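# Understanding the architecture of this molecule
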Amino acid sequence: MPLVSSSGEQWFGERERVGLEQRIQVRGVLYEGRSDYQSIRVLDTVPFGRALILDGVLQTTETDEFIYHEMLVHPVLISLSQPERVLIIGGGDGGCLRRALEHRLREVVQVELDRAVVETCRRYLPRVSSGAFDDTRLHLLFADGYEFVEEAQEPFDAIIVDLTDPLPPGPSLRLFTAEFYQLVRRILKEDGLMVTQSSSPLLLTDELLRIYVNLKAVFPLVRVCLAPVPSYPGVLWSFTLASGGNDPLALDEATVRQRLEARGISPRYYSPQMHLASFALPPFLADLLAEPERFQDLKASQPVAQ
Ligand code: SAM
């Protein structure tokens, strides 16, 4: 979407698939370019500070990135008593990487499709990664995450999937399928966990349910947790975790606190109370996850002409 000008002000409008346009006031454009994979923009916004936009879709902002990245990374890594080796797929802004490294890991492998996203974020959004790309424990590869996972042999304690939305014909589409989750499970250690961002439970319910159903087809245990990300459409956002049995909800507050302290982590959103609270689902969502097919029934019963 172009920047629109209304009474002399500049606004970024992200047109959603659900008929909602969220507008954010912009002070200026810090970077605008095109890589082999997507258009890349960094905007200086009034409410959220600097923001990364890929193909017209807002990815992350300086103001609320901590909520998104902490909730994508900490619940999974705190569920492991001693995580050592972690895989991040996507996540070119470095926010996930920074939080993962806080867990005193031995090694992080990050597979990002687009070198230009990392270079742009290091230059224009340095606060998001906060130096994490210089950490010697990082092996950063510029490749397709699907192909990497297909070929990978050595197992990981956790796999964090931080991808652009599954929009056709986008490069992330096949990384939201049951086939991909099967490949992921093959390279997860026995008590390992994976997590993926899973969209808006309210506005893009079909995306979340598709991800949930695909993960359920592969993993015995699948959990959804929620957090508010104000710059994302609908604010309320979901994250879906999956494992062979390791249950993030089996942790008590004391264990979460003890692990955070032992690792020297002081998050700004995530906490022992938040760990448990974020997995508490409102009844509308719990009902849908219990019978995801009901959502399609609902849609099918809507009048054809709207
Ligand atoms: N938090 C963000 C969101 O959901 O709005 C995701 C941010 S992160 C910048 C998304 C990254 O996924 C992008 O840098 C993009 O290049 C990367 N990506 C997309 N498809 C990919 C693939 N097939 N393999 C690896 N990385 C991919």
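Everything numeric in this text was worked out from a predicted model, so none of it was measured. Starting afresh in each chain, residues are numbered from 1 along the sequence in its written order. Under the rules for a predicted model, residues below a pLDDT of 70 receive no local features and side-chain atom pairs below 80 are neither given nor counted, while totals for whole chains, interfaces and linings still include all residues. With hydrogens and water stripped out, all remaining heavy atoms of the structure feed into the side-chain values.

## So, the site of the ligand
Definition in use: We define proximity as follows: a residue is near a molecule or strand when any one of its heavy atoms falls within 4 Å of that partner. Throughout this description, a polar contact denotes any pair of N or O atoms lying within 3.5 Å of each other; where both atoms belong to protein, one of them has to be capable of donating a hydrogen while the other can accept it, and for residues adjacent in sequence the pair is counted only when both atoms sit in side chains. Computed with the Shrake-Rupley method and a 1.4 Å probe, the accessible areas treat only the protein chains shown as cover for residues.
Taken together, 26 residues sit near the ligand, with Gln38, Glu112, Gly145, Pro171 and Gln197 positioned nearest. Separating an oxygen atom of the ligand from a side-chain N or O atom of Gln59 is a distance of 3.4 Å. Interatomic distance of 3.0 Å between a side-chain N/O atom of Tyr68 and a nitrogen atom of the ligand. Protein coverage of the free-state accessible area of the ligand, which is 600 Å², stands at 99%.

## Brief notes about the nonpolar core
The test is simple: Here, nonpolar core means buried Ala, Val, Leu, Ile, Met, Phe, Trp, Tyr and Cys residues that are tied together by side-chain atoms lying within 4.5 Å of each other. Relative accessibility under 20% of the residue-type maximum defines a buried residue, over 50% an exposed one, and the middle range a partly exposed one, all with a 1.4 Å probe and only protein chains included. By definition, any uninterrupted DSSP run of H or I lasting at least four residues is a helix, any uninterrupted run of E lasting at least two residues is a strand, and each is numbered from the N terminus.
With 48 residues, the main nonpolar core has Leu77, Ile88, Leu97, Ile160 and Phe239 as its most contacted residues. Tallying contributions element by element places helix 1 (residues 65-78) first for this core, with nine residues. One finds Tyr212, Leu215, Ala242 and Phe295 within the second-largest nonpolar core, a separate group that totals 37 residues.

## Description of the sheet that holds strand 13 (residues 236-243)
Cut-off, in case you're wondering: A pair of strands is labelled paired if DSSP reports no fewer than 2 bridges between them. Only the stretch in contact is used when a helix axis is fitted, and all axes are lines through C-alpha atoms; the angle between N-to-C directions ranges over 0 to 180 degrees. Pairs of residues are marked as contacts when any of their non-hydrogen atoms sit within 4.5 Å.
If you walk across this open sheet you meet the seven strands as 9-8-7-10-11-13-12, and the pairing is mixed. Each end of this open sheet is capped by a strand with a single partner; those strands are strand 9 (138-142) and strand 12 (221-228). When the angles between neighbouring strand axes are averaged without regard to direction, this sheet yields 15°. Two elements, strand 12 and strand 13, share eight bridges in a ladder whose sense is antiparallel. Bridged to Val224 within strand 13 is Thr240. Contacts from helix 6 (residues 178-186) reach strand 7 (85-90), strand 10 (156-162) and strand 11 (188-197) within the one sheet, and its direction differs from that of strand 11 by about 145°.

## A short note on the domain arrangement of the chain
Rules: Just so you know, the domain bounds were taken from an automatic or database domain assignment. Summed over both partners, buried area is the accessible surface (1.4 Å probe) that two parts give up on being assembled.
Here the domain parsing of the chain yields domain 1 (4-59) and domain 2 (65-294). Centre-to-centre separation of domain 1 and domain 2, based on C-alpha positions: 24 Å. Opposite the 20 residues of domain 1 that make contact, domain 2 presents 20 residues. Together domain 1 and domain 2 conceal approximately 1,900 Å² of surface at their shared face, both sides included; 66% is due to carbon and sulfur atoms. Broken down residue by residue, the surface that domain 1 buries against domain 2 is led by Arg17, Tyr37 and Gln59, which jointly contribute 28%.

## Re helix 1
To be explicit about the condition: The span one expects for a helix is its residue count, reduced by one, times 1.5 Å. Bend is computed residue by residue as the angle between axes fitted to the seven residues ending at the residue and the seven residues starting at it.
If you check helix 1, its first and last C-alpha atoms are 19 Å apart, about what 14 residues at 1.5 Å a residue would give, namely 20 Å. The largest bend in helix 1 is about 30°, located at Met71, with the proline Pro75 one to four residues further on. Here helix 1 lies mainly inside the structure; 14 of its 14 residues are buried.

## Re the packing of aromatic side chains
Note the threshold: Whether two aromatic rings pair depends on their centres lying within 6.5 Å, for rings of Phe, Tyr and Trp, where Trp uses its six-membered ring; planes under 30 degrees apart make the pair stacked, over 60 edge-to-face, and the rest tilted. In this analysis the charged atom, NZ for Lys or CZ for Arg, is taken to sit over a ring once it is within 6 Å of the ring centre and within 35 degrees of the ring normal.
Applying the stated criterion to the full structure yields six aromatic pairs. Aromatic pair Tyr68 and Tyr232: ring centres 5.5 Å apart, planes at 70°, arrangement edge-to-face. In this pair, Tyr68 sits in helix 1 while Tyr232 sits in the loop between strand 12 and strand 13, placing the two residues 164 residues apart along the sequence. Relative accessible area serves as the criterion here: at 7%, Tyr232 is assigned to the buried category. The aromatic ring of Tyr146 is capped on one face by Arg174, whose charged end is 4.1 Å from the ring centroid. It is Arg268 that lies over the ring of Phe66; its NZ or CZ is 3.9 Å from the centre.

## A few points about a nonpolar patch on the surface
To keep things clear, this is the line we draw: Each patch is built from residues lacking any salt bridge and having more than 30% relative accessible area; the joining distance is 9 Å for like charges and 5 Å for nonpolar side chains (Val, Leu, Ile, Met, Phe, Trp, Tyr). Criterion for a salt bridge: a side-chain nitrogen of Lys or Arg within 4 Å of a carboxyl oxygen of Asp or Glu.
On the surface, Val18, Leu20, Leu202, Leu203 and Phe284 cluster together to form a nonpolar patch covering roughly 380 Å² of accessible area. For Val18, the location among the structural elements is in the loop between strand 2 (9-15) and strand 3 (21-34). Residue classification places Val18 among the partly exposed residues on the basis of a relative accessible area of 38%.

## Points about the environment of Asp157
Within the fold, Asp157 resides in strand 10. Sequence separation between Asp157 and Arg85 is 72 residues, and the spatial gap between their C-alpha atoms is 5.5 Å. Apart from residues no more than four positions distant in its own chain, Asp157 is found in contact with Leu80, Pro83, Glu84, Arg85, Leu188, Lys189, Gly192 and Leu193. Of note is the side chain of Asp157, whose polar atom sits 2.8 Å from the backbone nitrogen of Glu84. Of the polar contacts made by the side chain of Asp157, one reaches the side chain of Lys189; its length is 3.2 Å.

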